[in-house]
Amino acid sequence: MRMYDIIMKKRNGGELSSEEIQFFIDGYTRGEIPDYQVSALMMAVYFQKMTEAETLALTMAMADSGDRLDLSQIHRIKVDKHSTGGVGDKTSLALAPMVAACGIPVAKMSGRGLGHTGGTIDKLESFPGFSTALTTQQFIENVNRIGIAIMGQTADLAPADKKLYALRDVTATVDNMSLIASSIMSKKLAAGADAIVLDVKTGSGAFMKKESDARALAEEMVKIGKNAGRKTMAVISDMDQPLGYAVGNALEVKEAIETLKGRGPADFLELCLSLGSQMLIAAGKAGNDSQAGKMLEAVISDGSALEKMAEFVEAQGGSREAVYHPELLPKAHIVRPVLAAVSGYIDHIVCDEVGICSLLLGGGRETKESGIDLSVGLVLCKKAGDYVREGEALAMLHANDEGKAEAAEKRYLAACSITDMPPEKTPFIKAVIV
Ligand code: URA
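A. Expanded view of the overall build of the protein. Check the secondary structure of the protein and you find 17 helices and 13 strands. Radius of gyration (C-alpha) of the protein: 22 Å, near the 22 Å computed for a compact globule of 434 residues. Taking the principal axes of the C-alpha coordinates as reference, the protein spans close to 70 × 45 × 40 Å. In the protein, which comprises 434 residues, the proportion classed as buried is 54%. Put simply, 78% of the contacts in the protein that link residues at least 6 apart link residues at least 24 apart. For the protein, the accessible surface area stands at approximately 17500 Å², while carbon and sulfur atoms represent 52% of it.

B. Here's a closer look at the sheet that holds strand β10 (residues 387-388). Spatial strand order, β10-β8-β12: three strands in an open sheet with antiparallel pairing. Of all strands in the sheet, those bounded by a partner on one side alone are β10 and β12 (416-419). Taken together, the four bridges between strand β8 (residues 344-349) and β12 define a ladder with antiparallel strand orientation. Opposite Tyr 345, over in β12, you have Thr 419 as the bridge partner.

C. Spatial organisation of the site of the ligand. Neighbouring residues of the ligand: Tyr 165, Arg 168, Ile 180, Ser 183, Ile 184, Lys 187 and Phe 207. One of the side-chain nitrogen or oxygen atoms of Arg 168 is found 2.9 Å away from an oxygen atom of the ligand. Between the ligand and the protein, one listed contact pairs a nitrogen atom with a side-chain N or O atom of Ser 183 at 2.6 Å. Out of a free accessible area of 240 Å², the ligand has 87% covered by protein chains.

D. Empty space enclosed by the protein, seen in detail. For the structure on display, the rule yields one cavity of 30 Å³ or more. Here the largest cavity defines a volume of roughly 30 Å³. Every residue along the wall of the largest cavity is listed here: Lys 81, Ser 92, Leu 95, Ala 96, Val 106, Lys 108 and Met 279. At the level of secondary structure, the elements contributing two or more residues to the lining of the largest cavity comprise α5 (91-101) and β2 (106-110). With three residues, the top contributor of residues to the lining of the largest cavity is α5. A breakdown of the residues in the lining of the largest cavity according to their chemical character gives four nonpolar, one polar and two charged.

E. Focus on the nonpolar core. With 78 residues, the main nonpolar core has Phe 127 and Tyr 412 as its most contacted residues. With eight residues, helix α12 (residues 266-282) is the single largest residue contributor to this core. Not counting the four nearest positions on each side in its chain, Tyr 412 is found in contact with Val 338, Ile 349, Val 354, Cys 357, Leu 378, Leu 380, Lys 382, Leu 394 and Ala 395. Counting residues in hydrophobic clusters, the runner-up holds 22 residues, among them Ile 33, Ala 57, Ala 61 and Leu 164.

F. Molecular detail of the side chain of Gln 278. Within the secondary structure, Gln 278 sits in helix α12. Apart from residues lying up to four places away in sequence, Gln 278 is in contact with Val 197, Met 233, Val 235, Asp 289, Val 432 and Val 434.

G. Seen up close, the pairing of β2. Of all five residues in β2, five are buried; the element is thus mostly enclosed. Across the two faces of β2 the burial is the same, with Val 106, Lys 108 and Ser 110 and Ala 107 and Met 109 all buried. Across five bridges, the pairing between β2 and strand β3 (residues 148-152) is parallel. Note that in β3 the partner of Met 109 across the bridge is Met 151.

H. Looking closely at the layout of surface pockets. Estimates place the volume of the second largest pocket at around 700 Å³. Asp 238, Gln 241, Ala 384, Lys 425 and Thr 426 are, among the 29 residues lining the second largest pocket, the residues nearest its centre. Elements with a contribution of two residues or more to the lining of the second largest pocket: α12 and β8.

I. How the structure looks around the sheet that holds strand β7 (residues 334-339). The four strands are arranged β6-β9-β11-β7 in an open sheet whose pairing can be described as antiparallel. Each of the sheet's edge strands pairs with one partner strand only, and the pair in question is β6 (246-247) and β7. By the bridge criterion, two bridges tie β6 to strand β9 (residues 377-380) in an arrangement that is antiparallel. Counted as the bridge partner of Ala 246 is Val 379 from β9. Sitting on the sheet, helix α16 (residues 351-361) is in contact with β6, β9 and β11 (393-399), with an inclination near 140° to β9.

J. Looking closely at the packing of aromatic side chains. Under the counting rule described, the total for this entry stands at three aromatic pairs. Look at Phe 130 and Phe 312: their rings are 5.5 Å apart centre to centre, the planes differ by 70°, and that puts the pair in the edge-to-face class. With Phe 130 in the loop between α6 (120-124) and α7 (136-146) and Phe 312 in helix α14 (residues 304-315), this pair connects stretches of sequence that are 182 residues apart. Both residues of the pair, Phe 130 and Phe 312, count as buried. Ring centres of Tyr 345 and Tyr 387 lie 5.1 Å apart, and the angle between their planes is 75°; on these two criteria the pair is classed as edge-to-face. Here the residue Tyr 345 occupies a position in strand β8, and Tyr 387 occupies one in strand β10, the gap between them amounting to 42 residues. The exposure class assigned to Tyr 345 is partly exposed, which follows from its relative accessible area of 25%. Note that Lys 163 overlies the ring of Tyr 28, its terminal NZ or CZ placed 4.4 Å from the centroid. The ring centre of Tyr 245 lies 5.4 Å from the NZ or CZ of Lys 383, which sits over that ring.

Parameters at a glance
- Residues numbered from 1 in each chain as written.
- Predicted model: local features only at pLDDT ≥ 70, side-chain atom pairs only at ≥ 80, totals over all residues.
- Heavy atoms only, no water.
- Helix = DSSP H or I, 4+ residues; strand = E, 2+ residues; numbered from the N terminus.
- Rg over C-alpha atoms; globule rule 2.2 N^0.38 Å.
- Buried < 20%, exposed > 50% of the residue type's maximum accessible area, 1.4 Å probe, protein only.
- Contact = heavy atoms within 4.5 Å.
- Areas by Shrake-Rupley, 256 points an atom, 1.4 Å probe, with all protein chains shown as cover.
- Pairing = 2+ DSSP bridges.
- Near = heavy atom within 4 Å.
- Polar contact = N/O pair within 3.5 Å; in protein donor to acceptor, adjacent residues only side chain to side chain.
- 1 Å grid on protein atoms, 1.4 Å probe; cavity = no way out; pocket = protein on both sides within 12 Å on 5 of 7 lines; lining within 4 Å.
- Points joined across faces, edges and corners; volume = space filled by probe spheres on them.
- Nonpolar A, V, L, I, M, F, W, Y, C, P; charged D, E, K, R; others polar.
- Core = buried A, V, L, I, M, F, W, Y, C linked by side-chain atoms within 4.5 Å.
- Axes fitted to C-alpha atoms, helices over the stretch in contact; angles between N-to-C directions.
- Phe/Tyr/Trp six-rings, centres within 6.5 Å; stacked < 30°, edge-to-face > 60°.
- Lys NZ or Arg CZ within 6 Å of the ring centre and 35° of its normal.

Below you can see the structure in the form of structure tokens.
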């Protein structure tokens, strides 16, 4: 087999066989096929697209390119959840304890991530002492003992995807549906769970800005998961404004804790209940949404989800006290409002701009090497559709530097549009794909 022939076949609109896909993934992972040939193939795929069979073959080849996590020592159905990412996305922090408190093991690998705030791991590190550097054995033991563990992604999970994603990033070939779906699903399949629930976002703060694209991606990933023999479902939700009110690492942890105490924002709670229901149904714990929703609400009202979070944080070296006393989490020195210049309804908050405000305050990473300030960020006071009076706070900035706070304030004001009429309400959950 020659890489040249594979590139030409795809360039001319042909369908690659699984052997051809396996050949290029193996060769690329081993460093035997150069970047320039794989770049050419990615560009051909970008224009010619991939069939369902090709997409599945690519996913499986990438999932098998490194280690697969063996979770067979966990003798119950393990459910994983993956988010396509957004602003204020603290979902795993509340959802994992909720689902675990219902008796379903959550064995999750998470990342740090570049961007406006850290990833789940950074957020969890707001708990003094918390570590995600678990061995696979510790990870499995924690899941068996308390029903929940979150570890950092091992270097050897789907290494082909790691290389290919980095190459696509610099060759303008990221935004192809089959390539995105296979990239995400290869990592999820290698991470070993029996069922996968996908949290797909749409709107100005999401990877998929258009709802139709989010739906197409969700459908493609659900198809791959099912074809690979895993129960897979997706929930599509709005990311046209931040999720909940808090954006920033420790601030988001506080909001997740409040949610587990029954005082969470409505949209965030709705998302946790929707995803959690899919997880309980996938694990065979509940027969339908309404049954699952009641179970999830019960573990919030009886305090067991909050206690599950405390057990989980303690098991990974963190302070359980901070779960019950979130004032112990990192705090910024400066807390000041962003004031509305006029009265009216909040028409729109450009979501990715809010993410940039958090980044400007130091809450995210611009490069892999950058440090991150866990204490900073924003807490929105008004969201789309709310009425605000001139001089009232639109949001509270949490900062450690006056200059950064000023830059974030300007940016936030520009991201918020205020009008005389309330905007049209759109549903928060757009669709559930099973
Ligand atoms: N996230 C991924 O993991 N892969 C992609 O290709 C795009 C987003």
